[in-house]
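# Geometric and topological summary
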Amino acid sequence: MFGYPKQSCLHLPTPVSYLPNLSDRLGIEFYMKRDDLTEFGVGGNKLRKLEYLIYDAKEKGATMLITVGGAQTNHGRLTAAVAAKNQMKCAIIAMDDYPGILSSNMLLDRIFGAYVFLHKPDGTPLMDVVEQVAEKFESQGERCYFIPMGGSNEIGALGYYECAQELKQEFKSGHVIVPLGSMGTYMGLFCGLHDSDLTLTGVQIMPYEEDIYKYACNYFDKIKKSWKLDFDVTEEDFDIATDYLYGGYNVPSETVRNAIYDMARSEAIVLDPCYTGKTYAAFLDMLAEEKIQKDETIIFIHTGGLPGVYTPSHQKAFEAELMDGVTILG
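Conventions adopted
- Residues numbered from 1 in each chain as written.
- Predicted model: local features only at pLDDT ≥ 70, side-chain atom pairs only at ≥ 80, totals over all residues.
- Heavy atoms only, no water.
- Pairing = 2+ DSSP bridges.
- Helix = DSSP H or I, 4+ residues; strand = E, 2+ residues; numbered from the N terminus.
- Contact = heavy atoms within 4.5 Å.
- Axes fitted to C-alpha atoms, helices over the stretch in contact; angles between N-to-C directions.
- Parallel < 35°, antiparallel > 145°, perpendicular 65-115°, else oblique.
- Left-handed = near helix turned anticlockwise from the far one by under 90°.
- Nonpolar A, V, L, I, M, F, W, Y, C, P; charged D, E, K, R; others polar.
- Core = buried A, V, L, I, M, F, W, Y, C linked by side-chain atoms within 4.5 Å.
- Buried < 20%, exposed > 50% of the residue type's maximum accessible area, 1.4 Å probe, protein only.
- Phe/Tyr/Trp six-rings, centres within 6.5 Å; stacked < 30°, edge-to-face > 60°.

What follows covers the sheet that holds strand β2 (residues 29–34). Strand order in this open sheet of six strands is β1-β2-β10-β7-β8-β9, and the pairing throughout is mixed. The strands lining the two open edges of the sheet, one partner per strand, are β1 (16–18) and β9 (240–241). Strand direction decides the pairing type here: strand β8 (residues 198–204) and β9, joined by two bridges, are parallel. Within β9, the residue paired with G202 across the bridge is I240. Its contacts with the sheet place helix α10 (residues 276–288) against β2, β7 (174–180), β8, β9 and β10 (297–302), and it is angled at close to 160° to β10.

The next thing to look at is the packing of helix α7 (residues 184–192) against helix α8 (residues 212–227). Between α7 and α8, the shortest axis-to-axis distance is 11 Å and the interhelical angle comes to 60°. As the angle between them shows, α7 and α8 are arranged oblique. With respect to the hand of their crossing, α7 and α8 are arranged in right-handed fashion. Across from G184, M187, F190 and C191 in α7, the residues of α8 making contact are A216, Y219, F220, I223 and W227. Residues that form the contact of α7 with α8 fall into these classes: eight nonpolar, one polar and no charged.

On to the sheet that holds strand β4 (residues 89–94). As summarised here, the arrangement of the four strands in space is β5-β4-β3-β6, forming an open sheet in which the pairing is parallel. Looking at strand neighbours, the two that pair on one side only are β5 (115–118) and β6 (144–147), the edges of this open sheet. Neighbour-to-neighbour, the strand axes of this sheet turn through a mean angle of 20°, independent of strand direction. Bridge count for strand β3 (residues 64–68) against β4 is five bridges, and the pairing is parallel. Across the sheet, T67 pairs through a bridge with I92, a residue of β4. In this fold helix α2 (residues 46–59) packs onto β3 and β6, with an angle of close to 155° to the strand it touches most, β6. Contacts from helix α3 (residues 74–85) reach β3, β4 and β6 within the one sheet, and its direction differs from that of β4 by about 170°.

All right, on to the nonpolar core then. Judged by nonpolar contacts, the single largest core of 61 residues is most densely connected at M187 and F238. No other element matches α8, which puts seven residues into this core. Counting residues in hydrophobic clusters, the runner-up holds 28 residues, among them L26, F30, M286 and V309.

On to the environment of G248. You can see G248 is positioned in the loop between β9 and α9 (254–267). With a relative accessible area of 8%, G248 lands in the buried category. A sequence separation of 43 residues divides G248 from I205, and the C-alpha atoms of the two residues are 7.5 Å apart. Not counting residues within four places of it along the chain, the set of residues in contact with G248 comprises I205 and K278.

Using the criterion set out here, one finds 22 aromatic pairs in the structure. With a centroid separation of 4.8 Å and an interplanar angle of 70°, the aromatic rings of F2 and Y161 are classed as edge-to-face. Taken together, the positions of F2 in the segment before β1 and Y161 in helix α6 (residues 158–170) put the pair 159 residues apart, joining distant regions of the chain. In this structure F2 comes out as partly exposed when scored by relative accessible area, which is 32%. Between Y18 and Y31, the aromatic rings sit 5.0 Å apart at their centres with planes inclined by 50°, giving tilted as the arrangement. Note that Y18 is positioned in strand β1 and Y31 in strand β2, a separation of 13 residues in sequence.

Quick look at the structure:
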């Protein structure tokens, strides 16, 4: 893609599911692109990016992948899985507190053999910690390759430019809804869907330190230069729903949990409380507020994240609401 090879390890395209119960109830044509069903590491959208990033890492002679994220990063878990698949080492660095139990993605990180470094937020620049960890392993003979948060750079975004080509084959028109975190998934789709009859809305799921539209323009400019694209954009070209943070990044939310229950009890599909559950909650609100029209075909990108329901803070909130349906006999 644009002269960047990849190491193919996924069976693409991913499936598309029609959601009949929700379609009938909501009065829309509702589909889900199942990027949660990618083959290994418990699945998720980051694997599309990692196909390109692992090729670049191996071309550069790397023996170890280093990445960053929150303590329960989905991207970190999938980077650990890709490293294991390629018999490489992996380190995940989180500027985060220890959550009190080795569970969810952190547990899977260690099962895949990755090293997890938790650094209590104290103002230390993240890249200073990355440099310290890289020096530690390079002194032991490793060659480290750094992957940014979410795999969201010019190389990683290629995975979702490719996904956009699948969508254009699968749908003649429609409205694509996707979580927007580190922006690589959204930006790859944005570039790939340019000049098509598919529109795109990204639901912001975490706060940004700078204006998100300015960030999007800067990210696009880097991609345009790297991929040699022949079109320009302005801030107005990006459709980003910014009103649905629900308390912040990965913060338990009753509204989000109710959206997760709704999807599970309507279509037997589990969303996660950090990305897809929040995005579905936002979608339901936008539909109710007529920001999304009922005559549109909706394509919801399921980006994975299942282990997130087992994150301690979320699991406790789920348990408090769901124990009324549990009867202990004897």
